[in-house]
Amino acid sequence: MSHVEEFLTAEEEQEIIDAIVESEKNTSGEIRVHIEATAKMDHFSRAQQVFHFLKMDNTKEDNGVLIYVAVDDHKFVIYGGSGIDRAVPNGFWDTTKDVIASHFKKGNFKQGIVEGILMAGKELEAHFPWNHNDTNELSDAISKG
């Protein structure tokens, strides 16, 4: 079994998906989680690639947020589309990153991802509230590389 498959249990993955579903109920924003073994390049650049590969830059308001995790590298990136980057306050991603990192340092990977998702969802809700025309544009499933 690979490190990616061992990173989270099936139950933990479902809790993450449930957090995505819950967070997206009140926003037009989209949240995805991608987990892979290693980036084989700069992690921020790899997160950009994955963001594009998952078609997160094709959302109507470019308000997608990707939480990218490279398990073997012990690195993660929070990458937001240009629409959300224009809307969130300075330092927002740093606060979210710090919360995720504090959980990761203790080995609480699922909890770190869930709290990051919930924080991103609250910010998306404030800047991109849900309206009756909104559809879930992207899958809520965790993608793996």
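First things first, this report covers the structure right here in the doc. The structure displayed is predicted, hence computed values, not measured ones.

1. Looking at the packing of helix α2 (residues 10-24) against helix α6 (residues 109-127)
- At a minimum axis separation of 9 Å, α2 and α6 run at an interaxial angle of 5°. On the basis of their axis angle, the class for α2 and α6 is roughly parallel. When α2 is examined against α6, the residues E12, E15, I16, A19, I20 and S23 are found in contact with a partner set consisting of K110, I113, V114, I117, L118 and G121.
- Of the residues belonging to the contact of α2 with α6, the class tally is 7 nonpolar, 2 polar and 3 charged.

2. Thoughts on the pairing of strand β2 (residues 64-70)
- β2 sits mainly inside the fold: 7 of its 7 residues count as buried.
- One ladder, built from 7 bridges, connects strand β1 (residues 30-36) with β2; its direction is parallel. Residue H34 lies in a different strand from β2, and its bridge partner there is Y68.
- Handedness of the crossover joining β1 and β2 through helix α3 (residues 43-53) is recorded here as right-handed.
- With 6 bridges joining them, β2 and strand β3 (residues 75-80) adopt antiparallel strand pairing. What sits directly across from A70, in β3, is K75.
- Between β2 and β3, which pair antiparallel one after the other, the connecting turn spans 4 residues, and H74 there sits at a positive phi close to 55°.

3. What to know about the sheet that holds β3
- Strand order in the open sheet formed by 4 strands is β3-β2-β1-β4, and the pairing between neighbours is mixed. Edge positions in the open sheet fall to β3 and β4 (143-144), since each of these has one partner strand only.
- With respect to the sheet, α2 is in contact with β1 and β4, its orientation differing from that of β1 by roughly 160°.
- Docked against the sheet, α6 engages β1 and β2, running at close to 155° with respect to β1.

4. Some words on α3
- Among all positions in α3, only H43, A47, V50 and F51 are buried. Each buried residue of α3 lies within a common arc of 105° when the element is viewed along its axis, so the set occupies one face. More than 90 degrees from the buried face of α3, the exposed residues found are H52 and F53.
- The inward-facing, buried residues of α3 contact β1, β2 and β3.
- Downstream of α3 by one or two residues, K55 has phi in the positive range, about 60°.

5. What to know about the packing of aromatic side chains
- Applying the stated rule across the entire model yields 6 aromatic pairs.
- Look at F7 and F109: their rings are 4.7 Å apart centre to centre, the planes differ by 40°, and that puts the pair in the tilted class. Highlighted residues: F7 in helix α1 (residues 3-7) and F109 in helix α6, separated in sequence by 102 residues.
- Seen from their ring centres, F51 and Y79 are 4.9 Å apart, and the 70° between their planes marks the pair as edge-to-face. With F51 in helix α3 and Y79 in strand β3, this pair connects stretches of sequence that are 28 residues apart. We note that F51, like Y79, is buried.

6. Here we look at the environment of I78
- Turning to its location among the elements, I78 is positioned in strand β3.
- When the C-alpha atoms of I78 and R32 are compared, they prove to be 10 Å apart, with 46 residues separating the residues in sequence.

How each quantity is defined
Residues numbered from 1 in each chain as written. Predicted model: local features only at pLDDT ≥ 70, side-chain atom pairs only at ≥ 80, totals over all residues. Heavy atoms only, no water. Axes fitted to C-alpha atoms, helices over the stretch in contact; angles between N-to-C directions. Helix = DSSP H or I, 4+ residues; strand = E, 2+ residues; numbered from the N terminus. Parallel < 35°, antiparallel > 145°, perpendicular 65-115°, else oblique. Contact = heavy atoms within 4.5 Å. Nonpolar A, V, L, I, M, F, W, Y, C, P; charged D, E, K, R; others polar. Buried < 20%, exposed > 50% of the residue type's maximum accessible area, 1.4 Å probe, protein only. Pairing = 2+ DSSP bridges. Right-handed = clockwise from strand over helix to strand, strands pointing away. Arc of directions from axis to C-beta. Phe/Tyr/Trp six-rings, centres within 6.5 Å; stacked < 30°, edge-to-face > 60°.

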